[in-house]
Amino acid sequence: DLLSEEILQRKKVEKSLLNSEEKYSNLFEQAGEYIIVLEPQPDRSLMIVDANQSALDKHGYTREEFIGKSIADLDDNDVSDEQRADRIKQLMSGKNIMFEVKHVRKDGSIFFAEASVKKFESDGRILFVSIERDITECKQILDALQKSEERYRLLFQSYMGFASHEIICDENGK
C-alpha cells in the first residue's frame, strides 16, 4: 500500500512537471518579442543555446543553423570586444542590462533591436535570457524627425538672417 501511494505521488509530480514544462514552452514560443538564451563560454563568448520561433524568423535562420552560433555572429561590427566583455561582466554580477544593438540577418540585412538581458541558472548552468524587440521602424521615424527638424531650423535661421538684414539696413543698404 505504501509503494502504490509513492507511485501515485510520483505520477502526480511527473504530471505537474510536464504541465509546467508545457506552459513554459508555450509562453516561450508564443511571446511577441523574440527570445534568445545564451551560455557564456570559456573564451568569453556567448553561445546561443535556445531561441523561440520569433527569433528564428527575425534572423532568417532555421533552429539547426541558429543554435550553437555565437551572439557575436549576429552583431553588426558596431559592438567591440570590450563592450561585449563589459556586458558579460555586468550580467555575471547579477545586473540586468538593457541596450540597443544592430543585428545582421542571415541574408545580410540589418535591423535595430532593443535587448533586455538577465542572468539565470538552470540545471546548474549559468545562462542569460535576452528578450529583444525590433526598433528599426522607431529608429527610422526618429531619424526622419531629426532631419526634418534640422531642415526647418536652417530655414528659420536663413529667414531670420534675411529679416534682420531688412530691419538693420536702410533703403541704401546702410
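Residues numbered from 1 in each chain as written. Predicted model: local features only at pLDDT ≥ 70, side-chain atom pairs only at ≥ 80, totals over all residues. Heavy atoms only, no water.

## Concerning the nonpolar core
Within the largest apolar cluster, 23 residues are counted, with the highest numbers of intra-cluster contacts made by Ile36, Leu38, Ile48, Phe66, Ile71, Leu74 and Val117. Going through the elements one at a time, strand S1 (34-40), strand S2 (46-51), helix H2 (53-59), helix H4 (81-92), strand S3 (97-104) and strand S4 (110-122) are the ones with two or more residues in this core. Residues in contact with Ile48, not counting those within four places in the same chain, are Ile36, Val37, Leu38, Phe66, Ile67, Gly68, Lys69, Ile71 and Leu74. (Core = buried A, V, L, I, M, F, W, Y, C linked by side-chain atoms within 4.5 Å. Buried < 20%, exposed > 50% of the residue type's maximum accessible area, 1.4 Å probe, protein only. Helix = DSSP H or I, 4+ residues; strand = E, 2+ residues; numbered from the N terminus. Contact = heavy atoms within 4.5 Å.)

## As for the pattern of salt bridges
Counted under the stated rule, the structure contains nine salt bridges. Close ionic contact of Asp50 with Arg63 constitutes a salt bridge, the shortest N to O distance being 3.2 Å. A residue pair is termed long-range when its members are at least 10 positions apart, and Asp50 in strand S2 and Arg63 in helix H3 (residues 63-66) qualify at 13 residues. According to the relative accessible area criterion, Asp50 is partly exposed, its value standing at 25%. The class of Arg63 is partly exposed, set by a relative accessible area of 29%. (Salt bridge = Lys/Arg side-chain N within 4 Å of Asp/Glu carboxyl O.)

## Re the packing of aromatic side chains
Applying the stated rule across the entire model yields two aromatic pairs. Considering the side-chain rings of Tyr34 and Phe111, the 6.1 Å spacing of their centres and the 75° angle between planes classify their relative orientation as edge-to-face. Of this pair, Tyr34 sits in strand S1 while Phe111 sits in strand S4; the two residues are 77 residues apart in sequence, bridging distant segments of the chain. Taking 5.7 Å as the distance between ring centres and 40° as the angle between the ring planes, the aromatic pair formed by Tyr61 and Phe66 counts as tilted. Taking the relative accessible area as the measure of exposure, Phe66 reaches 0% and is therefore buried. Over the ring of Phe111 we find Lys58, and its NZ or CZ is 5.2 Å from the ring centre. The ring of Phe99 has Arg87 sitting right over it, with the charged end atom 3.7 Å from the ring centre. (Phe/Tyr/Trp six-rings, centres within 6.5 Å; stacked < 30°, edge-to-face > 60°. Lys NZ or Arg CZ within 6 Å of the ring centre and 35° of its normal.)

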